[in-house]
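Each chain, written out:
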Amino acid sequence: MRLDFLFVVVVASAACVGASACGSSNGGGISVFDGGTGSKDSGGLQDTGASRGDATRPRDSGGIKLGGDAGRGDAAPASETLSMVHIVPADKVITVAAGLASSLDYTVMGVINGALPEVDVTSRFVFYVPAGYLVADFPLDGSPTLSTRLPALPTDPPQQGGVATIQAQAMNPGGKLLTITTSLTVQLLATLPDPSGATLPASPSALFGGPVDTTRAPTLAYPNNGTMLPPNLQQLEVHWTPGSAKNTTLYQIEFSSPYADIVYDARCGVVSNGSLIGGACALQLDATGYAYLAASNAGTGNVALTVKGTDDTGTSYGTSSSFNIQFAQNSVNGGVYYWDVTNTQIMDFQFGSVGVSPQIFMAPGNYGTDGTCVGCHAISPDGTKIAASMGGQGDGRIIYLNNTASVPVPPPPARTDPTYLTLGTNNTIDTANHMQFASFDPAGDQFVSVFGETSTSSGTPSTPDMNKLWFHDGTTGLINLASTVVLTFEPDHPSWSPDGTMIAMTHVGVHGTSQRMFSGGIDVATWAGAVLGTPAVVLPSLSPGMNQFNPSFVPDSSFLLYSVASCPVGSEVNDNCDSDIVDNLDEVVGTTTYTTTTWAVKPTAAATPVHLDNAAAEGVADTLPTIDTFPRSTPFKTIEGTGELFWFTVASQRAPGLRQKTGGTQQLLWMFAIDPSKILAGTDGSYTGFFLPFQDFTTSNHIAEWTQQIVGPVPPPPPPPPPPPPPPPPPPPPPPAR
């Protein structure tokens, strides 16, 4: 529902040339922006401070005083103390059309020397926007005419709605600074054409005003209700199925909040990089619409998503149910390296990149061997080193690179030269250095690995070898035998905590291989210098029917994420309740009793686990229970209001909305936000997730490892400070002597 439009002076973009209309300006066409007072994360997309406030604040529907020096009046005598001052209008709510700017004059009313009536004292004040200045701002001289902001340069932040804090300051006698504030809420309105370029009727929005017909109502299928999105995701798809009326040909997709109302008029569209299931429709937002949405709604709460359907003459229309989505306050930064299972290669991608596809980072044949598959990789936190397992189950020779900057660009065939590898080209050395899963210490000086495979050269590893944590040199990638630790059980899936003080691992209950172990629990051992403490049992092995595996620390090391596979006891499916989701799913697809979901637990003995209910929830298009494995956290925590958000990815069997899957066991990468304070309090802090839109939807993708090396945009510099308020007028001269 749009807010009532308040009539204001609207000027074209060309009018946005003064210092006030385009953020803070030096007058030479160079705009300067920052994250304001509300953004503490270095990757912030825009100012989202506390001024982004309250959508329920009172709305003033009265007129707006316009023109000239209105409000700068001369009612204030030239000497006295101000009191009972307030800004007019207060808590104003206006709308502004995308691509245009609105202006608004402010006045300060107050009392002189405590004597009523109040008078216009605007000339004593200077005006400034301390928070929300990317929404609207005053001129640098502090004069009282505010303008909503338009980008002056292509690199400027997008136009946005939101809440701006309006501040006025004056100086009373005795050097006493007087500061008063109010708020301005701006709702950005945009009606955008079909991004696919489809031909639409003239004035298509006007066709959705006829009688209501429920047979035309579409059914929303993606994004799912409750999804939290990063503001720098850059890409978003909306999926729906048409109503039963056969001649519904025109659709209106609307995102509405107190800060933006973004509408697309579109046809029943398709998706790129893949296809939709039969009869489904989709809209892929363009960069303009996503920027309006994300910038206006970052950190502000729910945005209502609906889809309407009609025909080309507007005979009648139907409206879908409304889904709520949210945009996080700050960006997700980092690089993601994931395993393309279909092509057995590792891909890399800078999160938030625009117009860039994932690149092949390492593929079969790049390392001077027989071209066997490469996967099960680990990345150092700074992104400079990578260890990967070659040949998969039963092999596990290490491919190692201690300087990722040396990787040739573009991808193969330029990378067929094996000399860039530190390890992976010498069969004599390689066969003595195996791994399946590994994790780096925070500095990247070493990494810990496991290997409990069946080797083609030596047969089944002995029990002591299976029970070892192997420590590798961070420069050569070779095993340091002197640092090897022998445990009383078989470990798997090691995870080194970001603070460097702990190593978590799966406690294998029933041996298969490192990739296919059964009945696991979770243990954590302390790490002090080069000494590993005795592992503490966080979650005991539970057999049969359950497998707890693959712990992964969150950025501040306060808790672990891990997978729990649950299988019916005594069934054939139970025999495959293992940690290799790729192999076992071809045997369990079609069952309604097999599930694998994500849990969280503190890294302490006998801790109580928390199930991430929202993250595990089935989507509209899902027909089978959730199967998510291998959670991996992004490296940074972000500010969200007065708290924080973490983000993690899983490899999931979920239906990707109404996209057509390439097979029953295809895995795709999904991402979720999580509130750590709720997890630590013992409650679910997760949000509904979304699929990563940049991945290849024709491949099966797995194990998304995150690194700090590829970072998001640097926040813009802070705005200039407000001008100082003018000094109070001098006292009047004493009366002449008699």
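Data block above holds the structure.
Everything quoted here is computed from the prediction, not taken from an experiment.

Enquirer: I tried to follow the overall build of the protein on my own but got confused; where do I start?
Expert: From N to C terminus, the protein includes 6 helices and 47 strands. Looking at the 738 residues of the protein, the share that counts as buried comes to 57%. Pairs at least 24 residues apart make up 67% of the contacts formed inside the protein by residues separated by at least 6 positions. Accessible surface for the protein amounts to roughly 27,500 Å². Of this, 56% is attributable to carbon and sulfur atoms.

Enquirer: Where do I start with the packing of aromatic side chains in this structure?
Expert: Each aromatic ring pair is specified by the distance between its two centres and by the angle formed by the two planes. Enumeration according to the criterion identifies 22 aromatic pairs in this entry. Ring centres of Y337 and F361 lie 5.3 Å apart, and the angle between their planes is 90°; this geometry places the pair in the edge-to-face category. Placement of Y337 in strand β23 (residues 335–340) and of F361 in strand β25 (residues 359–362) is noted, with a sequence separation of 24 residues between them. With respect to burial, Y337 and F361 carry one shared label: buried. Linked through ring pairs, Y222, W670, F691 and F697 together constitute an aromatic cluster. It is R654 that lies over the ring of W670; its NZ or CZ is 5.3 Å from the centre. A cation over a ring is seen here: R659 above F697, with NZ or CZ 3.8 Å from the ring centre.

Enquirer: What is the right way to look at the sheet that holds strand β24 (residues 345–350) in this model?
Expert: Hydrogen bonds along the backbone pair up the strands of a sheet, which may run parallel or antiparallel. An order of β25-β24-β23-β47 is seen for the 4 strands of this open sheet, with the pairing classed as antiparallel. The sheet is open, and its two borders are formed by β25 and β47 (701–707), each paired with just one other strand. Within this sheet the neighbouring strands show an average axis-to-axis angle of 35°, counted without direction. In this structure, β23 lies alongside β47, joined through 5 bridges in antiparallel fashion.

Enquirer: Sorry, what's going on with the side chain of S296 here?
Expert: Among the secondary structure elements, S296 is positioned in helix α1 (residues 287–297). Given the relative accessible area of 0%, S296 is considered buried.

Enquirer: Sorry if this is basic, but what is going on with α1 here?
Expert: Note on helix geometry: an α-helix contains 3.6 residues per turn, so any two residues three or four positions apart are oriented the same way. Burial within α1 is extensive, with 8 of its 11 residues counted as buried. Along α1, the residues classified as buried are G289, Y290, Y292, L293, A294, A295, S296 and N297. Just downstream of α1, G299 is the residue with a positive phi angle, here 75°.

Enquirer: Any chance you could explain the layout of surface pockets here in plain terms?
Expert: To find leftover empty space, one rolls a probe the size of a water molecule over the atoms. Volume-wise, the largest pocket comes out at about 570 Å³. Looking at the largest pocket, it is lined by 34 residues, and the ones nearest its centre are S439, W496, F553, E705 and W706. Going through the elements one at a time, β26 (374–379), β29 (437–440), β33 (491–496), β38 (546–553), β42 (628–633) and β47 are the ones with two or more residues in the lining of the largest pocket. Partitioning the lining of the largest pocket into residue classes produces 18 nonpolar, 13 polar and 3 charged.

Enquirer: Is there a simple way to explain the sheet that holds strand β32 (residues 485–486) in this structure?
Expert: Taking strand neighbours across the sheet as the criterion, the 4 strands line up as β29-β30-β31-β32 in an open arrangement whose pairing is antiparallel. Only two strands of the sheet have a single partner each, and these edge strands are β29 and β32. Sheet topology note: the β29/strand β30 (residues 446–450) ladder contains 4 bridges and is antiparallel. Counterpart to F440 in the pairing with β30 is F447.

Enquirer: What is the right way to read the state of the cysteines from this model?
Expert: Here, disulfide denotes a covalent bond that connects the sulfur atoms of two cysteines. Under the counting rule described, the total for this entry stands at 1 disulfide. One disulfide in the model links C268 with C281; its S-S distance is 1.9 Å. Across the S-S bond of C268 and C281 the torsion is about -95°, and the bridge reads as left-handed. Placement of C268 in the loop between β18 (260–266) and β19 (281–284) and of C281 in strand β19 is noted, with a sequence separation of 13 residues between them. Take C281: its relative accessible area is 0%, and that puts it in the buried class.

Enquirer: How should the pattern of salt bridges be read in this particular structure?
Expert: Once their charged atoms are close, side chains differing in charge can pair, the charge on each being opposite to the other. On inspection of all chains with the given rule, the structure shows 6 salt bridges. For D312, the salt bridge identified is with R267, shortest N-O distance 2.7 Å. With D312 in the loop between β20 (303–310) and β21 (317–319) and R267 in the loop between β18 and β19, the pair connects residues that are 45 residues apart, well separated along the chain.

Enquirer: Sorry if this is basic, but what is going on with the side chain of S558 here?
Expert: Topologically, S558 is positioned in the loop between β38 and β39 (560–566). Among the polar contacts made by the side chain of S558, one reaches the side chain of D556 at a distance of 2.7 Å. With sequence-adjacent residues up to four places away left out, S558 is seen in contact with K602, P603, F646 and L680.

Enquirer: Which parts of the structure should I look at to understand the pairing of β38?
Expert: On a regular strand, one side chain projects to one face of the sheet and the next to the other, so that they alternate. Within β38, 7 of the 8 residues are buried, which leaves the element mostly enclosed by the surrounding structure. Counting the residues in the hairpin turn of β38 and β39 gives 6 residues, including S557, whose phi is positive at 65°.

Enquirer: Help me understand the nonpolar core, please; the structure alone is not making it clear to me.
Expert: Generally speaking, soluble globular proteins have nonpolar side chains that are buried together. Grouped together as the largest cluster of nonpolar side chains are 93 residues, with contacts concentrated most on F125, I253 and F255. Element by element, the count of residues in this core is highest for strand β45 (residues 668–674), at 7 residues. Sequence-distant contacts of I253, that is, excluding residues within four places in its chain, are made with V238, W240, I262, V263, Y264, A266, L283, L305, T306 and V307. One finds F437, M505, L532 and F630 within the second-largest nonpolar core, a separate group that totals 27 residues.

Enquirer: Looking at this model, I keep getting lost on the environment of L250. Mind explaining?
Expert: Within the secondary structure layout, L250 lies in strand β17 (residues 250–257). With a relative accessible area of 0%, L250 lands in the buried category. Through-space distance from the C-alpha of L250 to that of D311 is 5.5 Å; in sequence the pair is 61 residues apart. Aside from chain neighbours lying at most four places away, what touches L250 is L200, P201, P204, L207, F208, A266, R267, K308, G309, T310, D311 and D312.

Enquirer: Sorry, what's going on with the environment of V186 here?
Expert: Of note, V186 is situated in strand β13 (residues 176–192). V186 sits in the buried class, given a relative accessible area of 0%. Setting aside chain neighbours within four positions, we find V186 in contact with I94, V96, V135, T148, G161, G162, P258 and Y259.

Enquirer: Quick question: what am I supposed to make of the pairing of strand β7 (residues 107–112) here?
Expert: In terms of residue burial, β7 counts as a mostly covered element, since 6 of its 6 residues are buried. Of the pairings in the sheet, the one linking strand β4 (residues 82–88) to β7 comprises 5 bridges and is antiparallel in character. Across the sheet, I87 pairs through a bridge with V108, a residue of β7. In the sheet, β7 pairs with strand β8 (residues 115–120) via 3 bridges, with the strands oriented antiparallel. Across the sheet, residue I112 finds its bridge partner in β8, namely A115.

Enquirer: Would you explain unusual backbone geometry in this entry?
Expert: Peptide bonds are mostly trans, and most non-glycine residues show a negative phi. A cis amide bond, omega 0°, links V88 with the succeeding residue P89. Its place among the elements puts P89 in the loop between β4 and β5 (92–97). Residue P223 is bonded to the preceding Y222 through a cis peptide linkage, with omega at 0°. Tracing the backbone through its elements, the reader meets P223 in the loop between β14 (219–222) and β15 (227–229). In this model, I703 sits at a positive phi of 50°, which is unusual for a non-glycine residue. Structurally, I703 is set in strand β47.

Basis of the calculations
Residues numbered from 1 in each chain as written. Predicted model: local features only at pLDDT ≥ 70, side-chain atom pairs only at ≥ 80, totals over all residues. Heavy atoms only, no water. Helix = DSSP H or I, 4+ residues; strand = E, 2+ residues; numbered from the N terminus. Buried < 20%, exposed > 50% of the residue type's maximum accessible area, 1.4 Å probe, protein only. Contact = heavy atoms within 4.5 Å. Areas by Shrake-Rupley, 256 points an atom, 1.4 Å probe, with all protein chains shown as cover. Phe/Tyr/Trp six-rings, centres within 6.5 Å; stacked < 30°, edge-to-face > 60°. Lys NZ or Arg CZ within 6 Å of the ring centre and 35° of its normal. Pairing = 2+ DSSP bridges. Axes fitted to C-alpha atoms, helices over the stretch in contact; angles between N-to-C directions. 1 Å grid on protein atoms, 1.4 Å probe; cavity = no way out; pocket = protein on both sides within 12 Å on 5 of 7 lines; lining within 4 Å. Points joined across faces, edges and corners; volume = space filled by probe spheres on them. Nonpolar A, V, L, I, M, F, W, Y, C, P; charged D, E, K, R; others polar. Disulfide = S-S within 2.5 Å. Salt bridge = Lys/Arg side-chain N within 4 Å of Asp/Glu carboxyl O. Polar contact = N/O pair within 3.5 Å; in protein donor to acceptor, adjacent residues only side chain to side chain. Core = buried A, V, L, I, M, F, W, Y, C linked by side-chain atoms within 4.5 Å.

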